[in-house]
Amino acid sequence: MPCYRCGTRQVDPEPGKGSSWRRGVVREHQVLVCPDCQPAALADMDRCAGCGSTHLIRRLDQVECLDCRLTRDPGAVNGPDAPDTIEAPDVPDAGGGPDPALAAEVARAVARVLGRA
Ligand SMILES: [Zn+2]
Ligand SMILES: [Zn+2]
């Protein structure tokens with residue numbers, strides 16, 4: 001992983017010297033910072049809410065402070081979505097029962113047929 005500011009790639013530290021590259025978290029992203037960029041990077045790096053350290057690492061869904069072990073969730077940007085309200089569509093009234101006028105018409109027709117027979 002190169003330095004997030006200048007893109008320099010980390011080289012193996014000289015024997016006897018530890019790497020002076022630093023890990024940090026900038027805007028919720030895990031980054032690596034080369035020694036030259038560290039003074040400038042300090043302004044960018046997220047700080048621990050508990051101790052102010054920039055010695056943070058990003059885990060799966062949390063940012064953890066390596067100094068005091070405080071963890072926090074990455075910025076809760078979006079509030080919970082309002083649940084969609086599903087409205088039942090207006091069902092036209094099926095209005096059971098036969099039409100009375102039609103029923104009477106049918107009755108008269110039946111009577112005519114019967115009377116004629
Ligand atoms: Zn750099
Ligand atoms: Zn801390």
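All values reported here derive from a predicted model rather than from experimental measurement.

Asker: Teacher, can you tell me more about the overall build of the protein chain here?
Answerer: If you tally the helices and strands in the protein chain, you get two helices and five strands. Overall, the protein chain shows an N-to-C arrangement of helices and strands of β-β-α-β-β-β-α. Looking at the protein chain residue by residue over its 117 residues, the buried ones come to 21%. Looking at the protein chain alone, contacts between residues at least 24 apart form 33% of all its contacts between residues at least 6 apart. As presented, the protein chain carries roughly 9,100 Å² of accessible surface, and 55% of it is formed by carbon and sulfur atoms.

Asker: I tried to follow helix H2 (residues 100–116) on my own but got confused; where do I start?
Answerer: For an α-helix, the turn length of 3.6 residues means that residues three or four places apart are oriented alike. In this model, H2 (17 residues) spans 24 Å end to end at C-alpha, consistent with the 24 Å of a helix rising 1.5 Å per residue. Sitting at the head of H2, aspartate 99 places a side-chain oxygen 3.1 Å from the backbone nitrogen of alanine 101.

Asker: Is there a simple way to explain the nonpolar core in this structure?
Answerer: The nonpolar side chains of a soluble globular protein tend to be buried with one another. The biggest cluster of nonpolar side chains holds ten residues, and these are Cys3, Trp21, Val26, Val31, Leu32, Val33, Cys34, Cys37, Ala41 and Met45. Tallying contributions element by element places strand S2 (residues 29–33) first for this core, with three residues. The contact partners of valine 33, leaving out residues within four places of it in the chain, are Cys3, Tyr4, Trp21, Arg22, Gln38, Ala41 and Met45. Listed in part, the five residues of the second largest apolar core include Val25, Cys48, Val63 and Cys65.

So, how was this worked out
- Residues numbered from 1 in each chain as written.
- Chains lettered and ligands numbered in written order.
- Predicted model: local features only at pLDDT ≥ 70, side-chain atom pairs only at ≥ 80, totals over all residues.
- Heavy atoms only, no water.
- Helix = DSSP H or I, 4+ residues; strand = E, 2+ residues; numbered from the N terminus.
- Buried < 20%, exposed > 50% of the residue type's maximum accessible area, 1.4 Å probe, protein only.
- Contact = heavy atoms within 4.5 Å.
- Areas by Shrake-Rupley, 256 points an atom, 1.4 Å probe, with all protein chains shown as cover.
- Expected span 1.5 Å × (residues − 1).
- Polar contact = N/O pair within 3.5 Å; in protein donor to acceptor, adjacent residues only side chain to side chain.
- Core = buried A, V, L, I, M, F, W, Y, C linked by side-chain atoms within 4.5 Å.

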